[in-house]
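# Working through the structure, step by step
Read off the chains here:
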Amino acid sequence: MTTVLRVPEELSARVPAEQRGPGLERDAVRLLVSRGTAVSHHAFAELPCLLRAGDLLVVNTSATLAAAVDGRVGYARVVVHFSTRGDDGRWAVELREPDGNGTTRARAGTRAETAVRLPGGGRLVLEEPLSERGERLWWARASVDVRGVLREHGRPIRYSYTERNQPLSVYQTVFALPSADGAGSAEMPSAARPFTARLVAELVSRGVQFAPVTLHTGVSSAEVHEPPYAERFAVPEASARLINHVRADRERHAALPREGGGRRAGGRVIAVGTTAVRAVESAAGPDGVVRAAEGWTDLVVTPERGVRVVDGLLTGLHEPEASHLLMLEAVAGRAAVDRSYEEALRGLYLWHEFGDVHLILPEEGPHAEHCDSNPW
């Protein structure tokens, strides 16, 4: 695991960017860019000039659910975090308790056959732990349609570092699409949050392409940074073909001579978020060819496994204990991750889902795109 220093509490982003001042939009966040151990500082709105024609952004279209619901176990108040719907109709859930500040804390003593009264008269019964790793998440069966309960009584999951409750719209990205079966993510695929429709249009006008995939992310632990559990994903045929085309085109360009020496640059496959990496890498064979796929993935991308498809990654800033850092090391290497996080701490970047973002690009020779580095 990378040796990241402790993140000071004051660097937690407590409200979305657009609520920090008049006239601000979602893209009013900072962008740390790293190419190997070289780091530069930018505004997120500069992204179009940091990418180039032919680059491909792989984006997660999963919509965020209002996954937190109040309930009662006997006379005790609890908050149910609905994580993932299983193929058998059960839901993976975490029971938590109110902390008196509008958020929740871990609840002790959860066990099989615990019954939860849901708003509207429904009942939820815990049956068995989700895995042998621990007893934080449980498979539970509800007497009512959970999707209806979430629509009527749910709210977005909120963590203690945030300042106040936010409407569900704040947690939807510009790429979010409703699922026909009502599935979605318990937590926002937050790397895509700073994108606006205007910024997407500018990227398209500059020749940047988009490949939609879906991965419905489950509930992470606010106290213990665990590897992700199995999650539902889908990589459509059209996206698989586009990813393979960009990779093949880049290989062809790399073989061609370039004026002034060096090689021609082709398009790069850049995942927007660790969820997009997990989806597309789950659909790739050992040869790196992506094939249309859907189902469940338990893939954990580590430096030992490496990445087969993505050349770069746009992601948020992760806590030192987060398993996501192993994925960053797989993409960029440990030295690059250590260097970029040292710079993020030195530059007082903001962490978490409403915070600043980090663009990891491959090390290359001179490139056509250029944005002046902003020291902030």
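Residues numbered from 1 in each chain as written. Predicted model: local features only at pLDDT ≥ 70, side-chain atom pairs only at ≥ 80, totals over all residues. Heavy atoms only, no water.

### What about the nonpolar core?
We apply this condition: Here, nonpolar core refers to any group of buried Ala, Val, Leu, Ile, Met, Phe, Trp, Tyr and Cys residues whose side-chain atoms link them within 4.5 Å. Burial classes: relative accessible area under 20% of the type maximum marks a residue as buried, over 50% as exposed, and values in between as partly exposed (1.4 Å probe, protein chains only). A helix here means a DSSP run of H or I that spans at least four residues, while a strand means a run of E at least two residues long, and both kinds are numbered starting from the N terminus. Contacts were defined at the residue level, with two residues in contact if any of their heavy atoms lie within 4.5 Å.
In this structure, V235, I243, V269, V290 and W351 are the most contacted members of the largest nonpolar core, which totals 40 residues. If you list the elements that add at least two residues to this core, you get strand 3 (56-60), strand 11 (209-216), strand 12 (231-235), helix 4 (237-254), strand 13 (269-272), helix 5 (274-282), helix 6 (324-332) and helix 7 (334-346). If you tally residues by element for this core, the top one is helix 6, at 5 residues. Setting aside residues up to four positions removed in sequence, I243 forms contacts with L56, V58, A211, V269, V280, V290 and V309. Within the second largest apolar cluster, 26 residues are counted, among which are A67, V69, L118 and I157.

### Comments concerning the pattern of salt bridges
Side chains bearing opposite charge may pair, as long as their charged atoms lie close to each other. Here is the rule we go by: In the sections that follow, a salt bridge refers to a side-chain nitrogen of Lys or Arg positioned within 4 Å of a carboxyl oxygen of Asp or Glu.
Going through the model one piece at a time under the given rule, you end up with 26 salt bridges. R241 is the salt-bridge partner of E237, the closest N and O atoms lying 3.6 Å from each other. Separated by 4 residues within a single helix, E237 and R241 lie in helix 4, roughly one turn from each other. Note that E343 is salt-bridged to R346, the shortest N-O span being 2.9 Å.

### Considering the side chain of T61
Along the polypeptide, T61 turns up in the loop between strand 3 and strand 4 (68-73). What makes T61 buried here is its relative accessible area of 11%. Setting aside chain neighbours within four positions, we find T61 in contact with F175, A176, L177, P212, V213 and T214.

### A closer look at the packing of aromatic side chains
Test applied: Only the six-membered ring of Trp is used, alongside the rings of Phe and Tyr, when aromatic pairs are assigned; centres must lie within 6.5 Å, and planes under 30 degrees apart are stacked while those over 60 apart are edge-to-face, with the rest tilted.
Here the structure, examined in full by the defined rule, presents 7 aromatic pairs. Relative to F195, the ring of F44 lies with its centre 5.2 Å away and its plane at 85°, an arrangement referred to as edge-to-face. Here F195 lies in the loop between helix 2 (146-153) and helix 3 (197-205) and F44 lies in the loop between strand 2 (38-43) and helix 1 (47-50), a separation of 151 residues in the sequence. By the burial criterion, F44 is buried, and F195 matches it. Ring geometry for Y171 versus F354: centroids 5.5 Å apart, planes at 50°, classification tilted. Residue Y171 is located in the loop between helix 2 and helix 3, and its partner F354 is located in the loop between helix 7 and strand 16 (357-361); the two are separated by 183 residues in the primary sequence.

### Section: the pairing of strand 6 (residues 91-98)
Here is the rule we go by: If DSSP finds at least two bridges between two strands, the strands pair.
Within strand 6, 6 of the 8 residues are buried, which leaves the element mostly enclosed by the surrounding structure. Between the antiparallel neighbours strand 5 (residues 76-85) and strand 6 lie 5 residues, among them G89 with a positive phi of about 95°. Taken together, the 3 bridges between strand 6 and strand 7 (residues 104-106) define a ladder with antiparallel strand orientation. The residue bridging R96 from the neighbouring strand is A106, located in strand 7. In textbook terms, the turn of a hairpin is the stretch between consecutive antiparallel strands, and for strand 6 and strand 7 this stretch comprises 5 residues, one of which, G100, has a positive phi near 85°.

### Here we look at the packing of helix 5 against helix 6
So the rule is basically this: Lines fitted to C-alpha atoms define the axes here, with helix axes fitted over just the stretch in contact, and angles between the N-to-C directions of these axes take values from 0 to 180 degrees. With respect to orientation, any angle under 35 degrees is reported as roughly parallel, any angle over 145 as roughly antiparallel, any angle of 65 to 115 as roughly perpendicular, and every other angle as oblique. Working rule for handedness: look at the near helix, and if it is turned counterclockwise from the far one by less than a right angle, call the crossing left-handed; if clockwise, right-handed. Following the grouping adopted for this structure description, the nonpolar residues are Ala, Val, Leu, Ile, Met, Phe, Trp, Tyr, Cys and Pro, the charged ones are Asp, Glu, Lys and Arg, and the polar ones are all others, Gly among them.
The geometry of helix 5 relative to helix 6 is characterised by a closest axis approach of 11 Å and an angle of 65° between their N-to-C directions. When the axes of helix 5 and helix 6 are compared, the pair comes out roughly perpendicular. For the element pair helix 5 and helix 6, the recorded crossing hand is left-handed. Here T274, V277 and R278 of helix 5 come into contact with helix 6, specifically with H324, M327 and L328. The residue makeup of the contact of helix 5 with helix 6, split by class, is 3 nonpolar, 2 polar and 1 charged.

### Here we look at helix 5
Taken across its 9 residues, helix 5 has 8 buried, putting it largely inside the fold. When we look at burial in helix 5, the residues that qualify are T274, T275, A276, V277, R278, A279, V280 and E281.

### Details of empty space enclosed by the protein
Keep this limit in mind: As defined here, a cavity is a set of points on a 1 Å grid over the protein atoms alone where a 1.4 Å probe fits but cannot get out. A pocket is an open set with protein on both sides within 12 Å along at least five of seven lines, and residues line them when an atom is within 4 Å of a point. Grid points are joined across faces, edges and corners, and a volume is the space filled by probe spheres set on the points.
Counted under the stated rule, the structure contains 4 cavities of 30 Å³ or more. Size it by volume and the largest cavity reaches roughly 80 Å³. Every residue along the wall of the largest cavity is listed here: L65, S83, T84, R85, W91, A183, G184, H216, T217, G218 and R232. If you tally residues by element for the lining of the largest cavity, the top one is strand 5, at 3 residues.

### Thoughts on the sheet that holds strand 11
Strand order in the open sheet formed by 9 strands is 2-1-16-15-13-3-11-12-14, and the pairing between neighbours is mixed. Sheet topology places strand 2 and strand 14 (293-297) at the edges, where each strand pairs with a single neighbour. Pairwise comparison of adjacent strand axes, ignoring direction, gives a mean angle of 20° for this sheet. One ladder, built from 3 bridges, connects strand 3 with strand 13; its direction is parallel. Each bridged residue has a counterpart across the sheet, and for L57 the counterpart in strand 13 is I270.

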